[in-house]
Amino acid sequence: MIDLETLRVRLYRQLAREGRVATSDRIADELGVQAAEAAEAFTALAQDRHLVLDHEGQIELAHPFGTRDFGFSVKSDSVLWWGGCAWDSFAIPHLVPGAAPALVATACPACGTAHAWNVHRTEPPAGAQVAHFLVPMAHVWDDVVHACENQRIFCTEDCVDTWLIRTGHTRGEVFSLTKLWNLASDWYTGRLAPGYRRREPVEAAAYFRAAGLAGPFWGN
Ligand SMILES: [Zn+2]
Ligand SMILES: [Zn+2]
């Protein structure tokens, strides 16, 4: 029997250290178990929302880490990560020892302008860009890949409006980089250690309010 929490920590620590993660076949070899048993353990971790798996059963998201492009690169002086979204990208320098300051880079979804910030743990980055989150917190886990793909940073509110018209989406929530940094700063605390308990966005109204994010979108 694979101990799920031990496996979870092993996967997360590899992502933190390398920005990459093993396949379930590699884990099977490592643990000396059948491939199907490792694949089932991945599925069980996904059912508990510790992982998001792609169609091949491999890790697509292990928040805050992605394993493909979700619009954000995050780099320290030794590691390059895919950030799972704007929120996740600003969280990595808070979560990973030695990762701060991290250089977070993206392009505006509306106009393609490149943006980058040095994200520290001590204070939010300067910048007049805005975050736009499309999916309300109560619905993030309805389709978490879609939710993460649509938590982005735009040049201005005008670029958000341009993008909403182009995509036909209904406006979500627009807020400053300072609030994004507040939101990201403590969200994943403890995630690299054994015994971690996930935060459910739907139960986190007080956390969101403390970050300066209030209203029905946040569930408070
Ligand atoms: Zn995300
Ligand atoms: Zn733009």
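This structure is a prediction, so every number in the text was calculated from the model and none was measured. (Residues numbered from 1 in each chain as written. Chains lettered and ligands numbered in written order. Predicted model: local features only at pLDDT ≥ 70, side-chain atom pairs only at ≥ 80, totals over all residues.)

A. Focus on the domain arrangement of the protein. For the protein, the assigned domains are domain 1 (4-62) and domain 2 (66-218). For domain 1 and domain 2, the distance between their C-alpha centroids amounts to 24 Å. Contact with domain 1, which involves 14 residues of that partner, is made by 17 residues of domain 2. For the side of domain 1 that touches domain 2, the elements supplying multiple residues, two or more each, are α1 (4-18) and β2 (59-62). Considering every element that reaches the side of domain 1 that touches domain 2, the biggest residue donor is α1, with six residues. (Domains from an automatic or database assignment. Contact = placed C-beta atoms within 7 Å. Helix = DSSP H or I, 4+ residues; strand = E, 2+ residues; numbered from the N terminus.)

B. Representation of helix α4 (residues 86-95). With respect to burial, α4 is a largely interior element, 10 of its 10 residues being buried. Buried within α4 we find Ala86, Trp87, Asp88, Ser89, Phe90, Ala91, Ile92, Pro93, His94 and Leu95. (Buried ≥ 20, exposed ≤ 12 C-beta atoms within 10 Å, placed from the backbone.)

C. Examining the sheet that holds strand β9 (residues 151-154) more closely. Reading across from one edge, β9-β8-β10 is the order of the three strands in this open sheet, with antiparallel pairing throughout. Two strands lie at the open edges of the sheet, namely β9 and β10 (173-176), each paired on one side alone. Strand-to-strand twist of the sheet, defined as the mean angle between neighbouring strand axes without regard to direction, takes the value 30°. Taken together, the four bridges between strand β8 (residues 130-133) and β9 define a ladder with antiparallel strand orientation. Its bridge partner lying in β9, Ala131 is registered against Ile153. Helix-sheet contacts for helix α7 (residues 177-185) involve β8 and β10, and the interaxial angle to β10 is about 95°. (Pairing = 2+ DSSP bridges. Axes fitted to C-alpha atoms, helices over the stretch in contact; angles between N-to-C directions.)

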